[in-house]
Amino acid sequence: MIQAQIEAELDRHWDKLHQGLTFYKPASSSAAARLKANKEAAQPLKDFSLRISKLLSVLQDERQSQALVLKIADFYDEERVCLLRCVLLLLTYFQDERHPYRTEYASCVNKLEKDLVANYKSQFESLFKAEAPTWESHGNLMTERQISRWFRQCLREQSLLLEILFLYYAYFEMSASDLLSFTKMFKEQGFGLRQTNRHLVDKSMDVLVDRIGYFSSLILVEGMDIDFLHKCALEDCTDQHQFYNTPEVTKEMDQLLLTLGDIPHHGPALLAWVLLRHTLKPDEGSPVVRRIGNTALHLGVFKYLSTMLQGLDVSGNNMCIYGLLSFVITSFEEETLGSPQHLIDAACEVLSAPSLAELFWEMRPNMGLGMVLDSAVGMFPHTTGPLLQLLTALLSNKSTVKKVYTFLDKMSFYTEVYKHKPNDIGSGQTNLRMPQGVLGQVMLGVAERGYVVRWDYSYSSWMLFTCEVEMLLHVVSTADVIAHCERVKPILDLVHKIISTDWTVSDCLLPLTSRIYMLLQRLTSVINPPVDVIASCVNCLIVLAARNPGKVWASLHHTGFLPFASTPLTNMAQSISAEGMKAGNYGNLLVQIEQPRGEYSVTIAFLRLITTLVKLGSTQNKGLIPCVLLVLKEMLPTYHKWRYNTYGVRERIGCLILELVHAILNLSPEGEDAGSTPTLQSLCIYSLANTEAGQAVVNIMGVGVDTIDLLAFSVTNNVIRLKPPSATASPLEQALTQHGGHGSNLIAVLAKYIYHKHDPALPRLAIQLLKRLATVAPMSVYACLGSDAAAIRDAFLTRLQSRTEDMRIKVMILEFLTVAVETQPGLIELFLNLEVKDSSEGSKEFLLGEWSCLQVVLDLMDSKQQGKYWCPPLLQRAALAFLLALWQDRRDSALSVLRTKAKFWENLTTPLFGTLPSPSDMTEYCVLETCAFVMKIIGLEIYYVVSGSLEPSLKDALQRFSSGRRYEYWSQYVKSLVGHISQMEEEGSDVMQLTEESVKLKLFMDVLDSTKAALMVPMSLPCLRLGSMTATLLLILLKQWRSVVATAPDILTPLALILESVLQADQQLMERTKPVISALISVLQIQDSTHPPPRAPGGDGAADDRDNMETDSPRSPQKDQRDGVCVLALHLAKELCRVDEDGDTWGAAAVAGAGVLQSICLPLLSVYELSPNGASHSFSRKAQDSPCWPVVYRLCMSLMESLLKTLRYNFINEALDSCLTAVRTVQSLVCLDEADHTVGFLLQLSSFCKEWQFHLPKLLQEVQTCTYLLHSKKMLHHYLQAKNGEALPPGPLARHQRAVTAAAAAAAQTPAKEAGTTSGAAVDGGEREEAEQKALLTVQCSLLKILSKTLATLQHFTPDCCQILLDQCMDLAEYRTLFVLSFTAPAFDPDVAPSFGTLLGTINVALSMLGEIEKKKEPASLSIASLASADEVQALNGMLPSSQSKPPTPGSKGCLEGQEPLIQLVQAFVRLVQR
């Protein structure tokens, strides 16, 4: 589809490309006369056109519409440049087999080829000779600034025209006459330096003038076809070259080139001509050729080539210069070519192209650039730099890495220089020792260098490099450090390039990479640190961190290089203030060295390193907080004010800072540890939303560079998305939405990115941010746009209706408008652009305006457009989402226009009549969404409009829908869609083609047998490891293949045997039992599937409970493992209690007889510690000694409840023994969850009231306390504050309170200073009060559950009130008084007896809370209903269960699920009065 679009556009416009800049005709009086004579054009349009033509050719003093005229001039210039860029793109890729549009490009180039050179050459000449406009000839608008703008455009166009000609000649041959013609032309205009208007060149234009010179030089070199010349020379067929038989041109060229030599741009052309003449006719004109060659060397041609290659980034130039250099070095002696270093620099620049590096290794070493490498090896290791520089350039892919590594690993000569002639036997100067007897050869004696001796000795350079690094570590504080740094830096750069290109070699380089940390520590702490070597060290660490972030962080942490915190971070306020933070050696280096010098190589490396560590490591994220704070506080707000020596570094540092922030904002929640200290992400969000860091990002968006703006948009969008909800706007949001005069606010700046043409990502992200702001910020986008609103609207719609526009921009525009329908009434009216027309009946009628977005949307919906490249499904979906928003918002003016549009309903319903691919073959799910939107629109229309007033066309569409059996089609499709989704969510065995039940069963039994075989030999460590793996696999299969396991033979017996075997072997092996116990639990669940699964079943449950047990305290791994086993064992015991084969209670009896509870009762007494004076320390829970015991306690209560329910009187004695533990332990509000489990157990026990009446007073006190605290919210609030030592934390917010009991415990236990920072940072007064209120209600929920179970328990200890009054035979002495006859309010004092006032208080609490539940639908009301889950509401409704019902079990939902809440309330009231 895209290929067709490209081909159509190229066919339509190829002539425009062919004409080049001549397509733009200059203004003429005849054209002006034709325009004036045109009667169809409006007069204002004629006037404006004439004014623009004056600006673009003969500019006169026209003040009116000045700004718009200049804007159009800018647009005109950009369009000219874009036209040339299109031709450049075609020539770059028309022969590239990998390019998707190669065929289309090639056919277009074939059409262009004919006159391209002549056209573009003449355009270049006319630009070069053009006279600059002046204010005298062109009026007052032609200011100096406008003249400079004109000349800059002239230079840009010259440069692009030459680049096109150079690329053309890279593919097509240049004739001898053309070469002569080009040489004359370039000589005449001094290779770009003798511009007609050279007096206008300022410093900012130097780059463009240099480019003109570079391309002039390259065109001449490419024209001489040096590659073909080299090939002819090798094959001895020089007569085939196009310049072989052109004596006249050759002679004229000789004379012409003899006159060159005064500017560096001449060098390459002179060098290439010398090669050409020397190769084709070596005997002819040798003095002339020698003279030209000397001129080229005198101009420093090789140094010029390096500079040129660095300044140009154009495909093809490397190949051209590679051919030139290779042939020069093959043809002439290296010593005659000037400075060897310049030659090496040029070679390195050329070889940086990946394809050329591979080509180099395939060549013979004694030819071309291989000879440069050979001479560099000849002086190694006396001079290491040249060789390492060349080899670093030659690393392009994994195969070249292996070659370079092996090359350096097997060196056969060791070269040294001596001041005096050496003796016959010598040894090396490093720790690399040469044995005696090694022979050396004195190569040459040069006065200033002394004697060069090459020892015939084989060694590995890698060992030598390690010695060099060691030497630098030794001399780091001496004067020799600079010389040694010069030797070590190339080594580090080579290591960096190697591990970047092929990680597998990194192990071999460990002796070098492991010393980098020490090098960094030593070099950064000296007085004048060598920043280039430090930057090389950090660059190596970036690559290492990308593979092994944990190890790099651990080693780097001790070097003192990174910023660090001297005191532990505890809360957001402390972190943001940077209290106790140290800048580290890097921070000092930035302030003392880099900022004064204006060079920032270490800063760039530091930012990349931190970003890598953030992206890849979660363990060190907390440790990185000081580093990120340094960036947010000291760098982001001020980096634009630093001193810079090099252009572009400021923007690069800005980009790297924003990339770091972007990486932090994109961390997944799992990668961020929850806890009391701030996370990296929460710190970053808070800093950007509330400090000057956010303002810095806003400033970047206002006046940024393209790449940095992209990041700034994305960062801002993410901060607004992620920051915690707040009643007040943050400083960031205020800065984004504040109104400035004359459209100077950021909203207007964002909207104006719609004019940006080069990079579609910029306007797309700007619109996305606008969409976000329109949703969250309380401001009018329309008002922010001011007088520019209509123009911006037109630009949006122009891009939306363009067929060649980037599809993602069009989708984003429609998404923005969809949001604006609901949130931006003024803006949407502007875009709807509806005109009012008074009808004859006096009612208003609306018509579409010329610039209405509805017209564009209607065009996108047109059924004839569907399937065309300019209307893909995603765009159609966005258009229909916009229409649906109009219907949902009941935008009647727009709807009235749309309804009556011809073919509207027909086009709208078209998607519903198509045949969709089956759900399994569906690739574009947006098609389904489109159909869903259509159905919703039709549904809303039928709902809004009286059936008699529906549009006839809609009725017709519905009739066709019915008669076309589409209801049946869609019903069937939705059914198959649901089936497909369900199937996708099921187990993945189908993907593995593992579908046969018998095969699955065989696999499962084999794994079981393997586990048994391995774990029956528990003293063998290999067997244990193997058994652990197979047991884990067994557990996974149990979970995935439940149906298969249910049909399996006896599984429990082998599992029990395994468990016994492992436990008998060694207590240290307890951890190994976890998978086995989990497997037993799973089997019991599967084989007894009538029972619901327990709260934390199987392996997953094990993981959940272990998470609950972990604390911040340091503990031994062994202890953690045993705790986990304890929890799992209790789960197994619970599961055994649920097994019931034919009414037999063997499981429960086995658990009761095993003595589990007796062994665990005593430890449970110490779950909550009491101080000597009786005060509870339970808020701190015994972290060091028993961190998991509260979990065990709850499980025990649940287990005893199950045993009592199953075994009844057979278990009563053990239950009563345990009861003492339970009631004595639970005596504080902190342990609400444990209290809930305890009361559930007591409820079961209350059926045996005769056996345990002596325990009664404690339970009554619980009723009294719960009722009192529920009755008095203030007292409960005060009690919780007193327990916490301060107000409740802001941490628990509504969205985190789904598990109410856990949240209640968290609300009660977590002091504010340790609270999680989910709400961001220190919360303001109103927000804090609301958070406290929510936490309070959470605790009330838990108290309600406890109270309802307690009252249900007390029901067993008294007859009905009616029975007491009417049954004369009743022995009242048999019962103890539960409630005294008093009607005082419930009391908190344990000495005050519970009374009827307590019960009445309970009634009042229930009534008031049930009233609140009715308000649950009101979103703003903060009531217990807003926190209550179904369980809590049920508990509230069933405060006293009816006498007919069975007592509820702790796991059940309550016992009155079938009854209405009102009936339950009445029953509860009657029961309470009766008691």
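Residues numbered from 1 in each chain as written. Predicted model: local features only at pLDDT ≥ 70, side-chain atom pairs only at ≥ 80, totals over all residues. Heavy atoms only, no water.

1. Remarks on the overall build of the protein
Broken down by element type, the protein carries 70 helices and 7 strands. Relative to its 1475 residues, the protein shows a buried fraction of 51%. Of the contacts formed within the protein by residues at least 6 apart in sequence, a portion of 73% connects residues at least 24 apart. (Helix = DSSP H or I, 4+ residues; strand = E, 2+ residues; numbered from the N terminus. Buried < 20%, exposed > 50% of the residue type's maximum accessible area, 1.4 Å probe, protein only. Contact = heavy atoms within 4.5 Å.)

2. Brief notes about the pattern of salt bridges
The tally for this structure, following the rule as stated, stands at 28 salt bridges. Salt-bridge contacts for Glu97 lead to Arg102; the nearest nitrogen and oxygen are separated by 3.6 Å. Look at Glu97 and you get exposed, because its relative accessible area is 64%. According to the relative accessible area criterion, Arg102 is partly exposed, its value standing at 25%. Between Arg965 and Glu968 there is a salt bridge whose closest N-O contact spans 2.8 Å. Accessibility expressed as a relative area gives 38% for Glu968, which makes it partly exposed. (Salt bridge = Lys/Arg side-chain N within 4 Å of Asp/Glu carboxyl O.)

3. Structural notes on the environment of Trp14
Structurally, Trp14 can be placed in helix α1 (residues 2-19). Residue class for Trp14 comes out partly exposed when judged on its relative accessible area of 26%. Distance in space between the C-alpha atoms of Trp14 and Cys108 is 6.8 Å, their sequence separation being 94 residues. The contacts of Trp14, once residues within four sequence positions are left out, are Cys108, Lys111 and Leu112.

4. Let's talk about the packing of aromatic side chains
Under the definition given, this model contains 39 aromatic pairs. Taking 5.7 Å as the distance between ring centres and 90° as the angle between the ring planes, the aromatic pair formed by Phe360 and Trp361 counts as edge-to-face. Relative accessible area serves as the criterion here: at 18%, Trp361 is assigned to the buried category. Aromatic pair Phe796 and Phe831: ring centres 5.8 Å apart, planes at 85°, arrangement edge-to-face. Placement of Phe796 in helix α40 (residues 789-801) and of Phe831 in helix α42 (residues 825-832) is noted, with a sequence separation of 35 residues between them. Among the aromatic residues, those joined into a ring-pair cluster are Phe94, Phe124, Phe128, Tyr168, Tyr169, Tyr171, Phe172, Phe182, Phe186 and Phe191. The lysine or arginine in question, Lys121, covers the ring of Phe182, its NZ or CZ lying 4.7 Å from the ring centre. Above the ring of Tyr244, the side-chain terminus of Lys281 is found at 4.7 Å from the ring centroid. (Phe/Tyr/Trp six-rings, centres within 6.5 Å; stacked < 30°, edge-to-face > 60°. Lys NZ or Arg CZ within 6 Å of the ring centre and 35° of its normal.)

5. Re the packing of helix α10 (residues 206-223) against helix α16 (residues 317-331)
Put simply, α10 and α16 touch, their axes get as near as 10 Å, and they point 60° apart. The pairing of α10 with α16 is recorded here as oblique in orientation. The crossing of α10 and α16 is left-handed. Where α10 approaches α16, its residues Leu218, Val221 and Glu222 are matched on the opposing element by Asn317, Cys320, Ile321 and Leu324. (Axes fitted to C-alpha atoms, helices over the stretch in contact; angles between N-to-C directions. Parallel < 35°, antiparallel > 145°, perpendicular 65-115°, else oblique. Left-handed = near helix turned anticlockwise from the far one by under 90°.)

6. A short note on helix α32 (residues 649-665)
The terminal C-alpha atoms of α32 lie 24 Å apart, and with 17 residues this matches the ideal 24 Å at 1.5 Å per residue to within 8%. Burial analysis of α32 places 12 of its 17 residues in the buried class, the great majority of the element. Taken together, the buried positions of α32 are occupied by Val649, Ile653, Gly654, Cys655, Leu656, Ile657, Leu658, Leu660, Val661, Ala663, Ile664 and Leu665. (Expected span 1.5 Å × (residues − 1).)

7. Thoughts on a nonpolar patch on the surface
A cluster of nonpolar side chains, contributed by Ile1364, Leu1365, Leu1366 and Leu1372, occupies part of the molecular surface with about 420 Å² of accessible area. Relative to the assigned elements, Ile1364 resides in helix α66 (residues 1361-1366). (Patch = residues over 30% accessible without salt bridge, like charges linked within 9 Å, V, L, I, M, F, W, Y side chains within 5 Å. Areas by Shrake-Rupley, 256 points an atom, 1.4 Å probe, with all protein chains shown as cover.)

8. Quick look at the side chain of Arg80
Its location among the elements puts Arg80 in helix α4 (residues 66-93). We classify Arg80 as buried; its relative accessible area is 12%. Polar contacts involving the side chain of Arg80 include one to the side chain of Glu157, which spans 2.7 Å. Beyond its immediate chain neighbours, meaning those up to four positions away, Arg80 contacts Leu21, Tyr24, Leu127, Gln153 and Glu157. (Polar contact = N/O pair within 3.5 Å; in protein donor to acceptor, adjacent residues only side chain to side chain.)

9. Some remarks on the state of the cysteines
What the rule picks out here adds up to 0 disulfides. Free cysteine Cys237: the closest other cysteine sulfur is in Cys232, separated by 4.5 Å. (Disulfide = S-S within 2.5 Å.)

10. Details of the confidence of the model for the protein
Should pLDDT be low for a region, the predicted coordinates there are not to be read in detail. This prediction gives the protein a mean pLDDT of 78; 75% of its residues lie at or above 70. The lowest-confidence element of the protein is helix α55 (residues 1098-1109), averaging 32 in pLDDT; the highest-confidence one is helix α26 (residues 531-547), averaging 95. Within the model, the stretch residues 58-64 combines pLDDT values under 50 with 18 contacts to residues more than four positions away or in other chains. In the model, residues 1169-1187 has pLDDT below 50 throughout and makes 37 contacts with residues more than four positions away in sequence or in other chains. (pLDDT = per-residue confidence, 0-100.)

11. Examining the environment of Thr909
Looking at where Thr909 falls in the secondary structure, it is placed in helix α46 (residues 904-909). Residues Thr909 and Leu958 lie 49 residues apart in sequence; the distance between their C-alpha atoms is 8.8 Å. The residues contacting Thr909, other than those within four sequence positions of it, are Val934, Ile938, Ala957 and Arg960. A distance of 2.7 Å separates a polar atom in the side chain of Thr909 from the backbone oxygen of Trp905.

12. Some details on unusual backbone geometry
For the bond running from Phe380 to Pro381, omega is 5°, close enough to zero to count as cis. With respect to the element layout, Pro381 can be found in the loop between α19 (370-378) and α20 (385-393). Its identity is not glycine, yet Asp236 carries a phi of approximately 55°, on the positive side. Summarising the element assignment, Asp236 is placed in the loop between α11 (226-235) and α12 (247-258).

13. Observations concerning the packing of helix α25 (residues 516-524) against α26
Put simply, α25 and α26 touch, their axes get as near as 10 Å, and they point 145° apart. Where α25 crosses over α26, the two elements pack in a sense that is left-handed. Together, Ile516, Tyr517, Leu519, Leu520, Leu523 and Thr524 of α25 and Val533, Ile534, Cys537, Val538, Cys540, Leu541 and Leu544 of α26 make up the contact between the two elements. A per-class count over the contact of α25 with α26 returns 12 nonpolar, 1 polar and no charged. (Nonpolar A, V, L, I, M, F, W, Y, C, P; charged D, E, K, R; others polar.)

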